[in-house]
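Breakdown of the fold
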Amino acid sequence: MSDRSLPPAPVSFSEALRYWLKLGFISFGGPAGQISMMHQELVERRRWISERRFLHALNYCMLLPGPEAQQLATYIGYLMHGVKGGITAGVLFVLPSLFILIALTWIYLAFGDLPAVAGILYGIKPAVVAIVAFAAYRIGSRTLKNGILLAMAAAAFVAIFAFDVSFPWIVLAAGIIGYVGGMVAPDKFRAGGGHGASDKNYGAAIIDDATPTPAHVRFSWMRTAGFLLTGLAIWILVTGALAVEFGWQGTLTQMAWFFTKAALVTFGGAYAVLPYVYQGAVEQYQWLTATQMIDGLALGETTPGPLIMVVAFVGFVGGWTKELFGAHALLASGIAGASVATLFTFLPSFVFILVGAPLVESTHGDIKFTAPLTGITAAVVGVILNLAVFFAYHVLWPAGFTRPIDFNAVLSGFDWVAALIGIAAFIALVRFKVDIIKVILGSAVLGLIYKLII
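Residues numbered from 1 in each chain as written. Predicted model: local features only at pLDDT ≥ 70, side-chain atom pairs only at ≥ 80, totals over all residues. Heavy atoms only, no water.

**Details of the overall build of the protein**
When its secondary structure is counted, the protein shows 17 helices and zero strands. The C-alpha radius of gyration computed for the protein amounts to 22 Å, which stays within 12% of the reference 22 Å derived for 454 residues, consistent with globular compactness. Seen through its C-alpha atoms, the protein measures out along the principal axes to roughly 70 × 55 × 50 Å. Classification of the 454 residues of the protein by burial places 52% in the buried group. Contacts in the protein between residues at least 24 apart in sequence constitute 76% of all its contacts with a sequence separation of at least 6. Roughly 20500 Å² of accessible area belongs to the protein as shown, and the carbon and sulfur atoms make up 68% of that amount. The centroid of the 26 positive side-chain charges in the protein is displaced by 5 Å from the centroid of its 22 negative side-chain charges. (Helix = DSSP H or I, 4+ residues; strand = E, 2+ residues; numbered from the N terminus. Rg over C-alpha atoms; globule rule 2.2 N^0.38 Å. Buried < 20%, exposed > 50% of the residue type's maximum accessible area, 1.4 Å probe, protein only. Contact = heavy atoms within 4.5 Å. Areas by Shrake-Rupley, 256 points an atom, 1.4 Å probe, with all protein chains shown as cover. Lys, Arg positive; Asp, Glu negative; His and termini not counted. Charge placed at Lys NZ, Arg CZ, Asp CG, Glu CD.)

**Digging into the nonpolar core**
One finds Phe259, Trp287, Leu288 and Phe391 to be the most contacted residues of the largest nonpolar core, which totals 100 residues. Ignoring any residue separated from it by four or fewer positions in sequence, one finds phenylalanine 259 in contact with Trp287, Val311, Val314, Ala341, Phe344 and Thr345. If you look at the next biggest cluster of nonpolar residues, it comprises 38 residues, including Ala16, Trp20, Ala57 and Leu72. (Core = buried A, V, L, I, M, F, W, Y, C linked by side-chain atoms within 4.5 Å.)

**Topic: the packing of aromatic side chains**
One pass over the full model with this rule turns up 21 aromatic pairs. Taken together, the ring pairs connect Phe258, Phe259, Tyr276, Tyr285 and Trp287 into an aromatic cluster. Here the basic side chain of arginine 431 rests over the ring of phenylalanine 432, its NZ or CZ set 5.3 Å away from the ring centre. Positioned above the aromatic ring of tyrosine 122, the side-chain terminus of lysine 451 is 4.5 Å from the ring centre. (Phe/Tyr/Trp six-rings, centres within 6.5 Å; stacked < 30°, edge-to-face > 60°. Lys NZ or Arg CZ within 6 Å of the ring centre and 35° of its normal.)

**Overview of a nonpolar patch on the surface**
Among the surface-exposed residues, Trp169, Leu172, Ile176, Tyr179, Val180, Met183 and Val184 lie close enough to one another that they form a single nonpolar patch of about 790 Å² accessible area. For valine 180, a relative accessible area of 40% puts it in the partly exposed group. (Patch = residues over 30% accessible without salt bridge, like charges linked within 9 Å, V, L, I, M, F, W, Y side chains within 5 Å. Salt bridge = Lys/Arg side-chain N within 4 Å of Asp/Glu carboxyl O.)

**Focus: the environment of isoleucine 87**
By the element assignment, isoleucine 87 lies in helix 4 (residues 68-111). Using a relative accessible area of 38% as the deciding quantity, one classes isoleucine 87 as partly exposed. Remark: the alpha-carbon pair of isoleucine 87 and tyrosine 75, spanning twelve residues in sequence, is separated by 9.1 Å.

**Structural notes on the confidence of the model for the protein**
Any region with low pLDDT has predicted coordinates that should not be read closely. In this model, the protein carries an average pLDDT of 86, and 92% of its residues clear a pLDDT of 70 or more. Low pLDDT, under 50, characterises residues 192-198; the stretch is placed with twelve contacts to residues that sit more than four places away or in other chains. (pLDDT = per-residue confidence, 0-100.)

**Structural notes on the pattern of salt bridges**
This model, assessed by the stated rule, comprises four salt bridges. Two residues, arginine 45 and glutamate 41, come together in a salt bridge whose shortest N-O distance is 2.5 Å. Of the two residues, arginine 45 and glutamate 41 both sit in helix 2 (residues 30-45), four residues apart, roughly one turn of that helix. You can call arginine 45 exposed: its relative accessible area is 53%. Classification of glutamate 41 by relative accessible area gives buried; the value is 14%. The partner of lysine 125 in a salt bridge is aspartate 295, with the nearest N and O atoms 3.7 Å apart. A residue pair is termed long-range when its members are at least 10 positions apart, and lysine 125 in helix 5 (residues 115-143) and aspartate 295 in helix 11 (residues 290-301) qualify at 170 residues. Aspartate 295 gets classed as buried once you look at its relative accessible area, which sits at 2%. Members of the salt-bridge network, linked through shared partners, are Glu41, Arg45 and Arg46.

Written as structure tokens, this is what we have:
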């Protein structure tokens, strides 16, 4: 048994690369599961980084828009092996998911009308409604600790449900309220359920509590400017090339612009930004239908990687639907759409980490000014609840409503079987803490059986 009072031997880049690749293929379970998986492996077992340094990095990633688990992997990779380590960790966290989603989305579009596939999707859809409702419940129970935060969640729900207010405006308003509230009533805006300091000690780590910040992560104005300019140059070059080839109004160019904006408002995780993606991809650009959006979320839940990878599904379906390269090249069109959506969703995350990590590493104290994030997270609960209502409408009333509303038609058009599957899935998640993947698989089996016997 190794002496845990001494740090492990330094980790080579090739060894780290193998771990990050493995993580990319097994990172199921959403942000909580992925962060827990990294903690168990990197803090407890391998001791590449100490508990306090891990949580300090995570607190920073929680403040950023974008997928915090992927950003955390990028941060730790950057600490260990510099820029190449950070980029490698971040890319490998996403790449397997991209390839898997491209394959699954192609199968979905090419063979989705087959009875077996249709039955599986029938069962998964109400499970997705339950999963989104569970997300609202889980975040709300952790976040809405007082009447002010509860009122902000309710106001956000009304704003987006009744008045169709765009998600970025809700985020901006909630952030401002949180900032002011943090000064006026700080006790009401303290982050609940966050990732604070821990007294746990798993032995000496390679990057320990007192380990000096590596030279390659120390703050430098020149290095910071270089990262900002490089990120901006990549964005300008790729967007410019798309604009030259397809025009500014071209589908791929608009995807680049839209998913850049989406990447900058993803406070609160993937569930929070899904309403914004829906508003743009379904209603504004009509890259896919509402039903396809639900199916895409189902596929995203069953693949490794960050849930926000559902953008790859959106991009693939958009490219396929718009026949970017002609009716004879639908697969190439889909791959192009998925690739553009993924690149512009994750590019800002790399810039945030490479620019921000040196600032964060300059002090190992707690991150300050979390009140705006607390306000945003409260509003996000209302937004996610709206998403659950929206999905439930499309799943439970597949034929929709006629206006004025005829209650007899509402009852006759209600899908009772889908409702029972959704209720069972929600109870399994909340009461019995069943893993999301198992809930989806069980619901898929129920849907398949039902469709085969009717």
